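# Inside the fold
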Amino acid sequence: MANLMGVTNPVPGYDGPNNTRTLPTTPKPTDTSIQNIPDPSRVGRADARTDQKGAGNALDSDALRYDSNLQFFLQALRDAPDVQAELAKAITWIRGLVTMPGLTQGVAEEMAQFLQMLRLDADGFKQFFLDQMAAGNRFSGPLLSLLRQAYQETPSQGVRDGILAFLKRYSDFSSTEHVAGNLSRLLRQLPEYMPKSWSGKLLELSARLENSLQAGDRTGALKLLQGEIMPYLSTYVERTHDMGTARGLISLLMLNVARYENGGEEGLLAAFRQLSGYGDTLSGLNQLDDKALLKLLRENTFTQAARTDTFAEKLSDMASKALRGEFGAEAREAFQEIVRSILINESVFMPLRHGILPLEWENKMMYSEFWVDPDAEEDREQGGKSGRGGKIQFLFKLDIQGLGFLDMTLAAREGQVDLAVFGPDAVAAHQDQIAQDLKDILADHGLDGRSVRVTKSQRPLAITDVFPDLFEGKRSVNVKI
């Protein structure tokens, strides 16, 4: 029987003061001996439990965050790979493969073409940089600038919702070719994960869809997707209860079908016509007929730059082959990190323009990564409203062969530039001369170098050091469920 009252003689060394302790009446958050203390400052589980170490601060924990997508993004951003180092590793490996005997002729030529693209002079680099910026800015041009201004100035939520609805359709409309490619790839992969009794008919339907996509017949493709392919896959899931890879591919297929449907010309035009009824600012949009509008949306700076941006296409092809293991294990690992970094910087929580610039200049390799915030000061100091001209904030991270790593920040507003370079000892030793050369370069382009300084780098700059608004998540899209 259990000795509930403790009336027997105590066991030596068992009930001593070293083995008993008095519990505090009020738990303290800093007391590590007490777990799962309720915290009124955060939304927690009903039983106040948490399995997250360092749940109060995403940057102090190595465990995954499930309570906040923004905190999880900040944690992933902290752990993002060093793109400059991974690019150097990947390109060095590709250079070695090009000269290796026994490599397939087509693969060797493709690698050589990719390496040749990186050899640039001053004019070539300027055009390359401008093309990268234009190809990454989908919402550019006078029409979309007008809509951006109307969105910032109008207090009506209905008007803002209408503008966002049109922009969403325009995004899918301008991505039609990419979405169609996704549909074809997913339907080619699906039969590999399905029984032969089901994959045969799907291959037949996929071939018919491919003909419609190649012919640009959106109506016929949608009729086939919605009327035959998706019902067939729905029946497959219902009967087989497949919860494996095929189910995941079907989910991705449904997402791309929705985007393909949303990007149709009729819906795009209807959303645009609806904008003309929203006040005087947008009333003039009725002067554009359907033909002129479609031409304006198809032939802007973004679409022109995207057509000529062969670098992104080549890099994508190289990454695809590397991830399939065609270039070896080391190249595969390097490209995995590059792709992971690109995906992190394309998150809905990243309101910055991101790009990478690998190049070979005068027989020296340079690997650069940059971030741009075109509304840095407007959003932080003016509450998102247009004022006395916006401030553009840049962050460049460079790895130059024979020199080392450098960080450079650049802020420009109304022709005035603040520029800071943080580099190794070789740069700091000539800081005055370099600063004067930078001022002269800015003056030659009609810019006033208000503050130009070159100092020794103490530590690599973090993105959040230059763009502190990322912590606040003001301009991100919260997709928390």
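Here's what I pulled together on the structure shown here. Note that this is a predicted model, so its numbers are computed, not measured.

In summary, the side chains of a regular strand alternate between the two faces of the sheet. Within strand 1 (residues 353–361), eight of the nine residues are buried, which leaves the element mostly enclosed by the surrounding structure. Sheet analysis places strand 1 next to strand 2 (residues 364–373), joined by nine bridges and oriented antiparallel. Across the sheet, Arg-353 pairs through a bridge with Val-372, a residue of strand 2.

Quick look at the packing of aromatic side chains now. Under the criterion given, the structure shown has 11 aromatic pairs. Ring geometry for Phe-166 against Phe-272: centres 5.5 Å apart, planes inclined by 50 degrees, an arrangement best described as tilted. Taken as a pair, Phe-166 in helix 6 (residues 157–174) and Phe-272 in helix 11 (residues 265–275) lie far apart in primary sequence, 106 residues in all. No difference in accessibility class separates Phe-166 from Phe-272, as the two residues are buried. Members of the aromatic cluster, joined through ring pairs, are Phe-125, Phe-129, Trp-361, Phe-370, Phe-394 and Phe-396. Stacked on the ring of Tyr-151, the Lys or Arg Arg-160 has its end atom at 4.7 Å from the ring centre.

Phe-114, Phe-327 and Phe-335 are the most contacted members of the largest nonpolar core, which totals 46 residues. Looking at which element gives the most residues to this core, the answer is helix 2 (residues 83–98), with seven residues. Core analysis: the second largest hydrophobic core is formed by 28 residues, Leu-187, Leu-190, Val-237 and Val-257 among them.

For Glu-362, which is not glycine, the phi dihedral falls at a positive 50 degrees. On the secondary structure map, Glu-362 appears in the loop between strand 1 and strand 2. Phi is positive for Glu-414, which is not a glycine, with a value near 50 degrees. The exposure class of Glu-414 is exposed, given its relative accessible area of 51%.

Here helix 4 (residues 122–135) contains 14 residues, and its C-alpha end-to-end distance of 20 Å stays within 8% of the 20 Å for a straight helix at 1.5 Å per residue. Within the sequence span of helix 4, burial applies to Phe-128, Phe-129, Asp-131, Gln-132 and Ala-135. All buried residues of helix 4 project into a common sector of 165 degrees when viewed along the axis, lining one side. Helix 4 presents Asp-123 and Lys-126 as exposed residues on the side facing more than 90 degrees away from its buried surface. Buried-residue contacts for helix 4 involve helix 13 (301–308), helix 14 (310–323), strand 1, strand 2 and strand 3 (392–400).

The rules behind each value
- Residues numbered from 1 in each chain as written.
- Predicted model: local features only at pLDDT ≥ 70, side-chain atom pairs only at ≥ 80, totals over all residues.
- Heavy atoms only, no water.
- Buried < 20%, exposed > 50% of the residue type's maximum accessible area, 1.4 Å probe, protein only.
- Helix = DSSP H or I, 4+ residues; strand = E, 2+ residues; numbered from the N terminus.
- Pairing = 2+ DSSP bridges.
- Phe/Tyr/Trp six-rings, centres within 6.5 Å; stacked < 30°, edge-to-face > 60°.
- Lys NZ or Arg CZ within 6 Å of the ring centre and 35° of its normal.
- Core = buried A, V, L, I, M, F, W, Y, C linked by side-chain atoms within 4.5 Å.
- Expected span 1.5 Å × (residues − 1).
- Arc of directions from axis to C-beta.
- Contact = heavy atoms within 4.5 Å.

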